Amino acid sequence: MDFDLTIRNGRISTDRDTFVADIGVKDGVIVRIAPGLSPGREDIDAAGRWVLPGGIDSHCHIEQLSGMGMMCADDFYSGTVSAAFGGTTTIIPFAAQHRGKRIPDVIADYAQRAREKAVIDYGFHLILADPDEQALQHDLPQAIRDGITSLKVYMTYNALKLDDYQLLDVMALAGREGALVMIHAENHDMIRWLASRLLDQGHTAPKFHAVAHDPLAEAESSNRAIALSRLIGVPVLIVHVAGAETVQTIRNAKLLGAQIHAESCPQYLFLTAEDIDLPGVEGAKYCCSPPPRDANAQEAVWAGLKDGTLGMYSSDHAPYRFDESGKLPRGEDTTFKEMANGVPGIELRLPLLFSEGVLGGRIDIHEFVRLSATNHAHMYGLSHCKGNIAEGLDADLVIWNPERETTITAELLHDNVGYTPYEGRQIKGWPEVVTSRGRVVVSEGELKVQRGSGRYIARQCPEPASIAQRPSRSHLPGLLGLKGKAWEQQ
Ligand code: URP
Ligand code: ZN
Ligand code: ZN
Ligand code: ZN
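These numbers were taken from a predicted model, which means no experiment stands behind them.

Parameters at a glance
Residues numbered from 1 in each chain as written. Chains lettered and ligands numbered in written order. Predicted model: local features only at pLDDT ≥ 70, side-chain atom pairs only at ≥ 80, totals over all residues. UniProt positions renumbered as here; feature names shortened; annotations may be inferred. Helix = DSSP H or I, 4+ residues; strand = E, 2+ residues; numbered from the N terminus. Expected span 1.5 Å × (residues − 1). Contact = placed C-beta atoms within 7 Å. Near = placed C-beta within 6 Å. Nonpolar A, V, L, I, M, F, W, Y, C, P; charged D, E, K, R; others polar. Axes fitted to C-alpha atoms, helices over the stretch in contact; angles between N-to-C directions. Parallel < 35°, antiparallel > 145°, perpendicular 65-115°, else oblique. Left-handed = near helix turned anticlockwise from the far one by under 90°. Core = buried A, V, L, I, M, F, W, Y, C linked by C-beta atoms within 7 Å. Buried ≥ 20, exposed ≤ 12 C-beta atoms within 10 Å, placed from the backbone. pLDDT = per-residue confidence, 0-100. Pairing = 2+ DSSP bridges. Right-handed = clockwise from strand over helix to strand, strands pointing away.

A. Main features of the UniProt feature "domain: Amidohydrolase-related" (unreviewed entry) in the chain. With numbering aligned to this structure, UniProt lists the feature "domain: Amidohydrolase-related" (unreviewed entry) at residues 50-441. Structurally, residues 50-441 is divided into 37% helix and 18% strand, and its ends, taken at the C-alpha atoms, are 17 Å apart.

Dropping the structure here:
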């Protein structure tokens, strides 16, 4: 066969196997995996290097207005370029609804901006701030049919917060339509009450952000989200798990048979609250919600990633510059309540996990593949085209040099943030060549594709949403007239 691209002699790892072979690509798809293929029109010798599936980053904020009204520093160009340089070939950022905005308009706006700028493939989750009748009866079902098969809802932030009644409405809708609900779980009133007293005492520095966002606020809220989910038997996914108690709460829920899914992020493995404790407002660079915690929580997150309690590892890239546009709206006088929440990480997500996780001996290469790609594909309806290395899947491939050593600096990165919380860290292993649908996107430190060459992917039904659930009270679906995917076959 004539291949458009061959990648030969590499050590290939999938979610379960490792072997040396050649990969033949035609029309953007992997058509042959075998030893001894003849070179294609473009041929890459990957001898001595590792060939892994392109990463899927299923949690990142790009060109998005935050709940606090701040614009991200990365647009769909810089955000996707930065992702690609870090070995990520698919992202699922958010189309963010703010109250009063119509969902179809929100989606059309994000879709147009991404279409013009993205260099890798992407889907969208919808952030839902206004679950009114129009949304629940019409706009959300339509968005789900258009391939936006997951929604993020918030239990905190004034502008985004849903109450428990609304959360049940959204979960019931997702159960009916076969979508997955992602939950930002932090107890709003605990945070608000603590923050108010801290500010009254004059404790305004960034480090008090981590005090206000106590681990119990995360654990309580996660537990409540799980109870709501179990009540009506609809799966949910707890995003950005930071605290040890939350990991244990999710593990327990899974042991009870609940369909609870969860992710964590680099900031909870590689940062702690001590990083925030810097002179002046410098610590704002490390502030995200939930905040990084302590060494014990880091170990709990590693253990959760290892035993499957936390099935996915995403960046939660929430890029804000260290100036008045993001982290310091009032300069040096900015309090921890006013700075934009979030840290950058879309480019370093995989290099950090590769170095510390795989080469550091905490996880094996198959766990790396699952946490960085395969599990995201199953979770979010992408496994028909992405997330692994197999004949028939898109040729989204990353050639890693496991020997290359790098000292991380902000200048090395391609985002538009200007700093990195991982400055100065030494890591080993680097994604040197990145392909997306058989196109070489990054090679020899250079971008090889044009803006707008990424594609929108209409996602299929997430796997958890296609499996019938068992509500905690099995008579409830009948009594309440709950019908649809989540409760079929019961
Ligand atoms: O601090 C964070 N994570 N900011 C981004 C918004 C969110 O809640 O994911
Ligand atoms: Zn969140
Ligand atoms: Zn986020
Ligand atoms: Zn699966």
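B. Local environment of helix α8 (residues 244-255). Helix length check: α8, at 12 residues, gives a terminal C-alpha distance of 17 Å against a target of 16 Å (1.5 Å per residue), a fit within 8%. Along its buried surface, α8 packs onto α7 (215-232), β12 (236-238), β13 (260-264) and α10 (295-307). Positioned one or two residues after α8, Gly 257 has a phi angle of 90°, which is positive.

C. Examining the site of ligand 1 more closely. In the vicinity of ligand 1, the contacting residues are His 61, His 184, His 240, Cys 288, Ser 289, Asp 316, Ala 318, Asn 341 and Gly 342. The residue inventory of the shell around ligand 1, partitioned by class, reads two nonpolar, six polar and one charged.

D. Here's a closer look at the packing of α7 against α8. With their axes 8 Å apart at the nearest point, α7 and α8 run at an angle of 15° to one another. It follows that α7 is roughly parallel to α8 by the angle criterion. As for how α7 packs across α8, the hand of that crossing is right-handed. Residues Pro 215, Glu 218, Ala 219, Ser 222, Asn 223 and Ile 226 of α7 form the contact with α8, whose own contacting residues are Glu 245, Thr 246, Thr 249, Ile 250 and Ala 253.

E. Spatial organisation of the nonpolar core. One finds Ala 174, Val 181, Ile 183 and Ile 238 to be the most contacted residues of the largest nonpolar core, which totals 146 residues. Take this core: its biggest share by element is seven residues, from helix α12 (residues 365-379). Each residue touching Ile 238, except ones within four places of it in the same chain, is listed here: Ile 183, Ala 185, Ser 222, Ala 225, Ile 250, Ile 260 and Ala 262.

F. Fine view of the confidence of the model for the chain. Mean pLDDT over the chain: 97, with 100% of residues reaching 70 or higher. We note a pTM of 0.98 for the whole complex and an ipTM of 0.91 for its interfaces.

G. Representation of the pairing of strand β6 (residues 55-60) within the structure. Extensive coverage of β6 is indicated by the burial of six of its six residues. As paired strands, β6 and strand β7 (residues 88-96) are joined by four bridges and run parallel to one another. Directly across from Cys 60, in β7, lies its bridge partner Pro 93. Running through helix α1 (residues 76-85), the crossover from β6 to the neighbouring parallel element β7 is right-handed.

H. Geometry of the environment of Ala 212. Assignment of secondary structure puts Ala 212 in helix α6 (residues 207-212). Ala 212 gets classed as buried once you count the C-beta atoms within 10 Å, which come to 23. Along the backbone, Ala 212 and Gln 64 are 148 residues apart, and their C-alpha atoms lie at a distance of 25 Å.

I. Here's a closer look at the environment of Thr 435. Tracing the sequence through the fold places Thr 435 in strand β16 (residues 426-436). When near neighbours in sequence (up to four residues on either side) are disregarded, Thr 435 contacts Ala 395, Asp 396, Leu 397, Val 440 and Val 441.

J. Looking closely at the pairing of strand β11 (residues 180-184). Within β11, five of the five residues are buried, leaving the element largely enclosed by the surrounding structure. In β11, alternate side chains face the same way, and those of Leu 180, Met 182 and His 184 on one face and Val 181 and Ile 183 on the other are all buried. Where strand β10 (residues 150-154) and β11 come together, five bridges link them in parallel fashion. Each residue of the ladder has a partner; that of Tyr 154, found in β11, is His 184. What joins β10 to β11 is helix α4 (residues 164-177), and the crossover it makes is right-handed. Pairing analysis gives three bridges linking β11 to β12, with the strands arranged parallel. Within the sheet, the bridge partner assigned to Val 181 lies in β12 and is Val 236.

K. Layout of unusual backbone geometry. With an omega of -10°, the peptide bond running from Ser 289 to Pro 290 counts as cis. Within the secondary structure, Pro 290 is located in the loop between α9 (267-270) and α10. Notably, Asn 9 is not glycine yet its phi reads approximately 70°, a positive angle. With 16 C-beta atoms packed within 10 Å, Asn 9 lands in the partly exposed category. Notably, Tyr 157 is not glycine yet its phi reads approximately 80°, a positive angle. Under the C-beta neighbour-count criterion, Tyr 157 is labelled partly exposed, with 17 such atoms within 10 Å.

L. Structural view of helix α5 (residues 188-200). With 13 residues, α5 should cover 18 Å at 1.5 Å per step; its first-to-last C-alpha distance of 18 Å lies within 8% of that length. One or two positions beyond α5, positive phi appears at Gly 202, with a value near 85°.

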